[in-house]
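Remarks on the overall topology
Single-letter residue listing:
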Amino acid sequence: MSAYKQVIKLHPDPLAAYGISPGWQVGDLLFLSGQAAIDEQGQVVGAADFDAQLLQVFTNIDRVLHAAGSSRDQIVKVTIYLTDMGNFPKIVQARKVYFEHPYPADTIVEVQALALPDLMVEIDVIAVA
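A brief structural summary.

Remarks on a nonpolar patch on the surface
A contiguous nonpolar surface patch, about 310 Å² in accessible area, is contributed by Trp24, Val26, Leu29 and Phe31. Those elements that provide at least two residues to the nonpolar patch are β2 (23-26) and β3 (29-35). Residue position: Trp24 is located in strand β2.

Description of the nonpolar core
If you look at soluble globular proteins, the nonpolar side chains tend to sit buried side by side. With 25 residues, the main nonpolar core has Leu32, Leu54, Ile61, Ile75, Val121, Ile123 and Val125 as its most contacted residues. Elements with a contribution of two residues or more to this core: β3, α1 (50-67), β4 (75-82), α2 (88-98) and β6 (121-128). Per-element tally for this core: the top contributor is α1, with seven residues. Residues contacting Ile123, with those up to four places away along its chain left out, are Ser33, Gly34, Gln35, Leu54, Val57, Phe58, Ile61, Val78, Thr79 and Ile80.

Observations regarding the pattern of salt bridges
All chains considered together, the criterion is met by four salt bridges. One salt bridge in this structure joins Asp62 and Arg72, with 2.4 Å as the shortest N-O distance. Of this pair, Asp62 sits in helix α1 while Arg72 sits in the loop between α1 and β4, placing them ten residues apart in sequence. We classify Asp62 as partly exposed; its relative accessible area is 28%.

Thresholds, definitions, all that
- Residues numbered from 1 in each chain as written.
- Predicted model: local features only at pLDDT ≥ 70, side-chain atom pairs only at ≥ 80, totals over all residues.
- Heavy atoms only, no water.
- Patch = residues over 30% accessible without salt bridge, like charges linked within 9 Å, V, L, I, M, F, W, Y side chains within 5 Å.
- Areas by Shrake-Rupley, 256 points an atom, 1.4 Å probe, with all protein chains shown as cover.
- Salt bridge = Lys/Arg side-chain N within 4 Å of Asp/Glu carboxyl O.
- Helix = DSSP H or I, 4+ residues; strand = E, 2+ residues; numbered from the N terminus.
- Core = buried A, V, L, I, M, F, W, Y, C linked by side-chain atoms within 4.5 Å.
- Buried < 20%, exposed > 50% of the residue type's maximum accessible area, 1.4 Å probe, protein only.
- Contact = heavy atoms within 4.5 Å.

Structure follows, in structure tokens:
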């Protein structure tokens, strides 16, 4: 027996230029591509402004989840990629702003760089459809 799977579509899709799907629904789960501070036109938002980038990341997460008929309260796991672990305290605060108890499972790692030079944070998500 094969699991139901379907791509999550966005219009416009800022990730299409990179050959990336916004996410997939597989059975009752949603797997979102890493969301960064890229607006609907594919432009980086908030160069050198971590707070502005984090806001855009969650705007993008909400947009993809909505396109799949879900919402942020259905997120069960996030993986957060930071280019500077000095921003970790802001992530701790953001968890309290963008999520409610019980909080999603979480992994956070520091990386040398993200896909575009001005990006400071990227978050990928697993959620319930």
